[in-house]
Each structure stands twice: as structure tokens, then as C-alpha cells.
Amino acid sequence: MNDRDKSKAPEREAVLARLLGPDGPELGCEECFAELDRYVELDLAGSDPDGNVPGMRAHLEGCPACAEDFRSLKALLEETD
Amino acid sequence: MASATMTMPIETPAEDSAARGEDDSRRWLQRLGASGPRRDAAVVELHGLLLKAARFEIDRRRASLPHLRGDDLEDIAQQSADDALFAVLSKLGDFRGEARFTTWAYKFALLEASVKVRRRAWQGRETPLAEDAWAVLADTAGRTATARAEDTELFGALREEIEGSLTEHQREVLVAVTLNDVPIDVLAERLETTRGALYKTLHDARRRLRTALAGRGFRIEGIREEAP
Ligand SMILES: [Zn+2]
């Protein structure tokens with residue numbers, strides 16, 4: 001059963017992006033998890049996270065679950081620090 | 001003549017906090033590697049941090065669990081903290097000191113909690129059928145067709161390639177995760193595999209679709225999701 005509200009179909013670009021995924025090399029989920037703590041700290045410090053962890057941003061664009069985990073860790077650190 | 005204080009290195013605030021982070025991390029590893037009451041106290045303290053992280057995550061996602069009461073949510077938090085504690089203690093050797101120890105530990109608690117919440121939210125729910133996905137494609141194409149005449153063609157080609165160029169497993173994963181919003185952890189549990197293995201399947205399916213569409217003359221480069 002799909003309870004998506006049909007009157008609010010997602011936009012063209014969003015559907016295409018989800019179907020086709022990121023364009024270019026990306027990490028897998030295991031590598032993403034291994035780098036997540038370092039990536040978030042670099043991000044919060046403004047220390048070029050994408051230059052230091054290549055392929056991470058593409059994975060976060062392509063993988064909704066890892067992207068949620070990224071946002072959660074970032075938000076938790078922002079709240080605790 | 002230089003006084004003792006003037007020869008001390010001047011640290012920027014960032015270096016200062018990084019050094020403090022390294023000290024904290026070293027202290028955690030020493031305490032967790034110790035034995036007796038010193039280690040016991042560290043384990044209790046670590047569990048407290050993991051529980052805080054798990055509650056934080058569950059609080060963020062509680063809208064997806066409207067049917068659960070506070071007790072149920074607290075149970076999920078406790079279970080997540082317990083599982084994360086086990087994971088952290090058994091993976092201490094993997095900690096490379098590239099982030100603070102607490103940041104490294106938090107991610108295990110957040111992962112345990114987010115996976116449990118996603119699975120709980122989908123408990124008893126059927127995985128949507130492919131027809132739901134085609135409706136998403138048709139809706140999207142229909143809504144934009146007046147602005148972009150070629151969209152009907154593009155979305156038609158997409159459906160053809162999804163049905164014709166992918167393996168059954170690739171099609172199932174792609175449709176569920178990208179069109180029907182089934183969380184990848186929920187699908188992984190149902191197919192008895194892992195998030196990583198399913199993502200690899202999704203990745204291969206997407207590559208194949210990109211290649212097929214490009215081969216049919218559609219311009220798809222530059223399409224990308226918003227940064228998270
Ligand atoms: Zn992932």
C-alpha cells in the first residue's frame with residue numbers, strides 16, 4: 001500500500017535524481033559509515049570535508065539512509081558542543 | 001630575555017580544541033582498556049552517552065512512529081544503546097583517532113536507533129507494488145508535460161528501461177527505494193541482506209539506466225540530488 005499523496009507528486013528533478021543517482025564515483029555504505037565521524041567533524045570545522053573524503057558527498061546524495069545518519073550526527077554534535 | 005611563558009607554543013582555538021579532543025579520546029581508550037572498577041565506570045559512562053544519542057535520534061524520528069507510546073520509544077532507545085555499546089566495545093581496535101572518540105561512538109548509537117525506528121515504522125506494512133511506482137512516474141511526467149514536451153518521452157523510456165534492462169533484483173530494489181520510498185534498511189531485512197549490499201545493487205541499476213538513457217539520446221548529465 002502506498003499512502004503517498006498523489007496530489008503532491010514529487011518534482012521532476014527529484015524523481016530523476018533519485019532514480020538515476022549521483023553522477024560520478026561514490027563510496028559504498030560501509031565506507032560511508034567508516035568515514036562518517038571524521039567527515040562530520042571536518043564539516044563542522046569548515047575543513048574541506050569533500051576534499052578530504054572524496055566520494056562521500058555523492059554517496060550522501062544517493063543514499064537516503066546514510067544521508068539521514070549524517071544529518072543526525074551533525075545535529076547531535078551541534079547540540080552537545 | 002624570554003620568559004618561560006613566552007616560549008610556550010601559541011595555539012589557535014581550533015588546535016587547542018583538537019588537542020583536547022585527542023586527550024579525551026586517549027583517556028577513553030585507556031579507561032575502557034583497563035580492568036576492574038575503572039573500566040566498569042567507563043562502560044557505564046559510555047552507555048550513558050550512547051543512550052543520550054539514541055534518545056536524540058528517536059526524538060527526531062518520533063513523527064514516523066505516531067502509534068508508539070513513550071515507554072515503547074524508551075525501550076527502543078535502551079535497546080539501541082545496548083546494541084551500540086556492544087558494537088563499540090567489540091570494535092575499539094577500529095578506532096583510528098581521526099575524529100573524537102565520542103563522535104565515533106555516537107554514530108553507532110544513531111545507526112542502531114535509526115535502523116530500529118525505520119523497521120518499526122514499517123512493521124506490518126507491505127512493500128508497495130510496482131504499479132505504485134509507475135503512478136509516481138506518470139504523475140511526475142504528467143505534471144511537467146506542458147512545460148517540457150520531452151518529459152513524457154523521457155519518463156516512458158525510463159519505465160521501459162526499468163522493465164527491460166534491469167535484472168529482477170535490480171528492478172525490485174530500485175523501484176522500492178527510489179520510487180516507493182521503502183527505507184533501504186527495511187528492504188534489507190525483508191530480503192535478508194545488508195544496507196551495503198542493497199546499495200551496491202541500487203548503484204549498478206542506476207548506472208545501467210544512465211547508460212541506457214544516454215544511449216537513446218536523452219541528456220541526463222547534471223541531474224543530481226540536492227546536497228544533504
Ligand atoms: Zn549508504
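Note that the structure is a prediction, hence the values are computed from the model and not measured.

Our next topic: the coordination of the zinc ion. All names here are of chain A. Donor atoms from the polypeptide that bind the zinc ion are C29 (SG), H59 (NE2), C63 (SG) and C66 (SG), placed at 2.0 to 2.4 Å. Viewed at the metal, the 4 donor atoms of the zinc ion are separated by angles of 105 to 117 degrees, and the geometry they form is tetrahedral. If you list the donors of the zinc ion from N- to C-terminus, the spacing comes out as C-x29-H-x3-C-x2-C. Overall, H59 belongs to the buried group, its relative accessible area being 0%. A relative accessible area of 4% means that C66 is categorised as buried.

Turning our eyes to something else, we now look at the packing of aromatic side chains. A full pass over the atoms with the stated rule returns 7 aromatic pairs over all chains. Geometrically, the ring pair formed by W104 of chain B and F108 of chain B is edge-to-face, given 5.0 Å between the ring centres and 75 degrees between the ring planes. Here W104 of chain B and its partner F108 of chain B are both found in helix α4 (residues 101-121), 4 residues apart, which amounts to about one turn of the helix. Across the ring face of F33 of chain A, the terminal group of K107 of chain B is positioned such that the distance to the ring centre comes to 4.6 Å. Over the ring of W122 of chain B we find R125 of chain B, and its NZ or CZ is 3.9 Å from the ring centre.

Right, let's talk about the interface of chain B and chain A for a bit. Each partner contributes to the interface: chain B provides 63 residues, whereas chain A provides 53 residues. If you look at where chain B meets chain A, you find 9 salt bridges. Of the charged contacts in the structure, one is a salt bridge between R61 of chain B and E68 of chain A, with a shortest N-O distance of 3.7 Å. Our count for the chain B to chain A interface comes out at 21 residue pairs in polar contact (both at pLDDT 80 or more). Those elements that provide at least two residues to the side of chain B that touches chain A are α2 (37-60), α4, α5 (130-144), α6 (150-164), α7 (168-179), α8 (184-190) and α9 (195-215) of chain B.

Quick look at the side chain of S80 of chain B now. Residue and element names in this part refer to chain B. Note on placement: S80 falls in helix α3 (residues 70-90). A relative accessible area of 0% means that S80 is categorised as buried. Each residue touching S80, except ones within four places of it in the same chain, is listed here: A54, A109, E112, A113 and K116.

Turning our eyes to something else, we now look at the confidence of the model for chain B. Residue and element names in this part refer to chain B. Confidence in the prediction of chain B, expressed as mean pLDDT, is 88, and 87% of residues score 70 or more. Confidence drops under a pLDDT of 50 for residues 1-9, and excluding neighbours within four residues, the segment shows 1 contact in the predicted structure. In the predicted assembly, ipTM is 0.88 and pTM is 0.87.

This paragraph deals with α2 of chain B. The α-helix winds at 3.6 residues per turn, so residues separated by three or four positions along the chain end up facing the same way. The end-to-end C-alpha distance of α2 of chain B, which contains 24 residues, comes to 35 Å, matching closely the 34 Å that a straight helix rising 1.5 Å per residue would cover. Where α2 of chain B is concerned, the buried positions are A42, V43, L46, H47, L49, L50, L51, A53, A54, F56, E57 and I58 of chain B.

Our next topic: the nonpolar core. In this structure, L19 of chain A together with L46 and F101 of chain B are the most contacted members of the largest nonpolar core, which totals 87 residues. There are two domains that each give this core at least three residues, and those are domain 1 (19-122) and domain 2 (131-215) of chain B. Dropping the residues within four chain positions of it, L19 of chain A is found in contact with L137, L158, I162, L174, T178, L179, R206 and L209 of chain B.

This next bit is on the environment of L20 of chain A. All names here are of chain A. Tracing the sequence through the fold places L20 in helix α1 (residues 12-20). Judged by its relative accessible area of 0%, L20 falls in the buried class. Sequence separation between L20 and G62 is 42 residues, and the spatial gap between their C-alpha atoms is 8.7 Å.

Residue and element names in this part refer to chain B. Domain annotation of chain B identifies domain 1 (19-122) and domain 2 (131-215). In this structure, domain 1 and domain 2 have C-alpha centres spaced 34 Å apart. Each partner contributes residues to the interface: domain 1 has 5 residues there, and domain 2 has 9 residues. Where domain 1 abuts domain 2, roughly 660 Å² becomes buried across the two surfaces, and 59% of that area is made up of carbon and sulfur atoms. When residues of domain 1 are sorted by the area they lose upon contact with domain 2, R118, R119 and W122 head the list and together hold 88% of the total. At the surface where domain 1 touches domain 2, the tally comes to 2 salt bridges. Between D185 and R118 there is a salt bridge, and its shortest N-O distance comes to 2.5 Å. Within the side of domain 1 that touches domain 2, the residues separate by chemical class into 3 nonpolar, no polar and 2 charged.

The rules behind each value
Residues numbered from 1 in each chain as written. Chains lettered and ligands numbered in written order. Predicted model: local features only at pLDDT ≥ 70, side-chain atom pairs only at ≥ 80, totals over all residues. Heavy atoms only, no water. Donors = N, O, S within 2.8 Å, 3.2 Å for Na, K, Ca; no water. Tetrahedral: all angles 85-135°; square planar, octahedral: opposite > 155°, others 65-115°. Buried < 20%, exposed > 50% of the residue type's maximum accessible area, 1.4 Å probe, protein only. Phe/Tyr/Trp six-rings, centres within 6.5 Å; stacked < 30°, edge-to-face > 60°. Helix = DSSP H or I, 4+ residues; strand = E, 2+ residues; numbered from the N terminus. Lys NZ or Arg CZ within 6 Å of the ring centre and 35° of its normal. Contact = heavy atoms within 4.5 Å. Salt bridge = Lys/Arg side-chain N within 4 Å of Asp/Glu carboxyl O. Polar contact = N/O pair within 3.5 Å; in protein donor to acceptor, adjacent residues only side chain to side chain. pLDDT = per-residue confidence, 0-100. Expected span 1.5 Å × (residues − 1). Core = buried A, V, L, I, M, F, W, Y, C linked by side-chain atoms within 4.5 Å. Domains from an automatic or database assignment. Buried area = accessible area lost by both parts, 1.4 Å probe. Nonpolar A, V, L, I, M, F, W, Y, C, P; charged D, E, K, R; others polar.

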